[in-house]
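Residue strings, one per chain:
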Amino acid sequence: AQKVTQAQTEISVVEKEDVTLDCVYETRDTTYYLFWYKQPPSGELVFLIRRNSFDEQNEISGRYSWNFQKSTSSFNFTITASQVVDSAVYFCALRDTGGFKTIFGAGTRLFVKA
Amino acid sequence: GAGVSQSPSNKVTEKGKDVELRCDPISGHTALYWYRQSLGQGLEFLIYFQGNSAPDKSGLPSDRFSAERTGGSVSTLTIQRTQQEDSAVYLCASSPRGILTNTGELFFGEGSRLTVL
């Protein structure tokens, strides 16, 4: 069975701090996709990134970076120099490439204080 | 509009009443999903549509829940004889491609918040 675990329920940081959101997944599939979504206070989930299981290259996009380690089944998300606008709930998700069901973790609520 | 549209945005109902929640996906998106988000919880998968058919209904919590999709577009999630535990935000998402080529990004609506008194 597939499972996504986000052990951090809430994280609170001060603006400009770096913060890492953890994601650990379980799947028996050999090929799959991993995702991160952001849910700001307004409520609408926004797609941030997709990573294929066969591509372990880390990715950086501005202040965001993602560390995918297949050996530890982890797909962690780091925000560098956090800003108040980063305050949101962040969800990690998993889907096998042959299927359709996307499984979400419970989410991590990030508070960034000015 | 360009995005996934859901209505109503808020619905308050009395226990035992039936409710219908509507989702209008992004034009051309063949895949449509319903999720439920309870207060402070993650997203619980309910059902998936590919075109008008629903290959997997296993996520529906009980037989009081049903969903349909017509014309490969609009979908309706119906909850009969609502219970207080049905209170949640019901999220709809669509995806641009079919099952074999779908790279998986989901485009979400703003959700329908259901409160059962």
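Because the structure is predicted, anything quoted here is derived from the model rather than measured. (Residues numbered from 1 in each chain as written. Chains lettered and ligands numbered in written order. Predicted model: local features only at pLDDT ≥ 70, side-chain atom pairs only at ≥ 80, totals over all residues. Heavy atoms only, no water.)

A. Up close: the overall build of chain A. If you tally the helices and strands in chain A, you get zero helices and 12 strands. Its helices and strands in sequence order give chain A the pattern β-β-β-β-β-β-β-β-β-β-β-β, from N to C terminus. By the compact-globule yardstick of 13 Å for 114 residues, chain A fits well, its C-alpha radius of gyration being 14 Å. Viewed in the frame of its principal axes, chain A has a C-alpha envelope of about 45 × 25 × 20 Å. In chain A, which comprises 114 residues, the share counted as buried stands at 47%. Sequence-distant contacts in chain A: of pairs separated by 6 or more residues, those separated by 24 or more amount to 56%. Accessible surface for chain A amounts to roughly 5500 Å². Of this, 49% is attributable to carbon and sulfur atoms. (Helix = DSSP H or I, 4+ residues; strand = E, 2+ residues; numbered from the N terminus. Rg over C-alpha atoms; globule rule 2.2 N^0.38 Å. Buried < 20%, exposed > 50% of the residue type's maximum accessible area, 1.4 Å probe, protein only. Contact = heavy atoms within 4.5 Å. Areas by Shrake-Rupley, 256 points an atom, 1.4 Å probe, with all protein chains shown as cover.)

B. Structural context of the nonpolar core. All names here are of chain A. By size, the foremost hydrophobic cluster in this structure holds 24 residues, and its most contacted members are Trp36, Phe75, Phe77, Tyr90 and Leu110. If one sorts the elements of this core by residue count, strand S10 (residues 88-96) sits on top with four residues. Setting aside its immediate chain neighbours within four residues, Tyr90 contacts Gln6, Leu21, Trp36, Tyr37, Lys38, Leu48, Tyr64, Phe77, Ile79, Gly107, Thr108 and Leu110. (Core = buried A, V, L, I, M, F, W, Y, C linked by side-chain atoms within 4.5 Å.)

C. Highlighting the side chain of Ser87 of chain A. Structurally, Ser87 of chain A is set in the loop between strand S9 (74-79) and S10. Among the polar contacts made by the side chain of Ser87 of chain A, one reaches the main-chain carbonyl oxygen of Val84 of chain A at a distance of 2.9 Å. (Polar contact = N/O pair within 3.5 Å; in protein donor to acceptor, adjacent residues only side chain to side chain.)

D. Representation of the packing of aromatic side chains. Inspection of the entire model under this criterion finds 21 aromatic pairs over all chains. Both rings, one in Phe35 of chain A and one in Phe47 of chain A, keep their centres 6.4 Å apart while their planes meet at 65 degrees; by these two values the pair is edge-to-face. With Phe35 of chain A in strand S5 (residues 32-39) and Phe47 of chain A in strand S6 (residues 46-52), this pair connects stretches of sequence that are 12 residues apart. For Phe47 of chain A, a relative accessible area of 28% translates into the label partly exposed. Cluster of aromatic residues (ring-pair linked, three or more members): Tyr33, Phe35, Tyr37, Phe47, Phe91 and Phe104 of chain A together with Tyr33, Tyr35, Phe45, Tyr48 and Phe108 of chain B. (Phe/Tyr/Trp six-rings, centres within 6.5 Å; stacked < 30°, edge-to-face > 60°.)

E. Looking closely at the state of the cysteines. What the rule picks out here adds up to two disulfides over all chains. Here Cys23 of chain A pairs with Cys92 of chain A through a disulfide, and the sulfurs are 1.9 Å apart. Taking the sign of the S-S torsion, about -65 degrees here, the bridge from Cys23 of chain A to Cys92 of chain A comes out left-handed. Remark: Cys92 of chain A occurs in strand S10 and Cys23 of chain A occurs in the loop between strand S3 (19-21) and strand S4 (24-26); sequence separation between them is 69 residues. Residues Cys23 of chain A and Cys92 of chain A agree in their burial class; the two are buried. The disulfide partner of Cys23 of chain B is Cys92 of chain B, and the gap between their sulfur atoms is 1.9 Å. On the sign convention where negative means left-handed, the S-S torsion of about -65 degrees between Cys23 of chain B and Cys92 of chain B marks this disulfide as left-handed. With a gap of 69 residues between them, Cys23 of chain B in strand S3 (residues 19-24) and Cys92 of chain B in strand S9 (residues 88-95) connect regions that are remote in the sequence. (Disulfide = S-S within 2.5 Å.)

F. Looking closely at the interface of chain A and chain B. Opposite the 19 residues of chain A that make contact, chain B presents 20 residues. Carbon and sulfur atoms supply 55% of the area that chain A and chain B bury against each other, a total of about 1700 Å² over both sides. When the buried surface of chain A facing chain B is broken down by residue, Glu44, Phe100 and Phe104 of chain A rank first, second and third, together holding 32% of it. At the boundary of chain A and chain B, one finds one salt bridge. For Arg50 of chain A, the salt bridge is made with Glu105 of chain B, and the minimal N-O distance between the two is 2.6 Å. Connecting chain A to chain B are four residue pairs in polar contact (both at pLDDT 80 or more). (Buried area = accessible area lost by both parts, 1.4 Å probe. Salt bridge = Lys/Arg side-chain N within 4 Å of Asp/Glu carboxyl O.)

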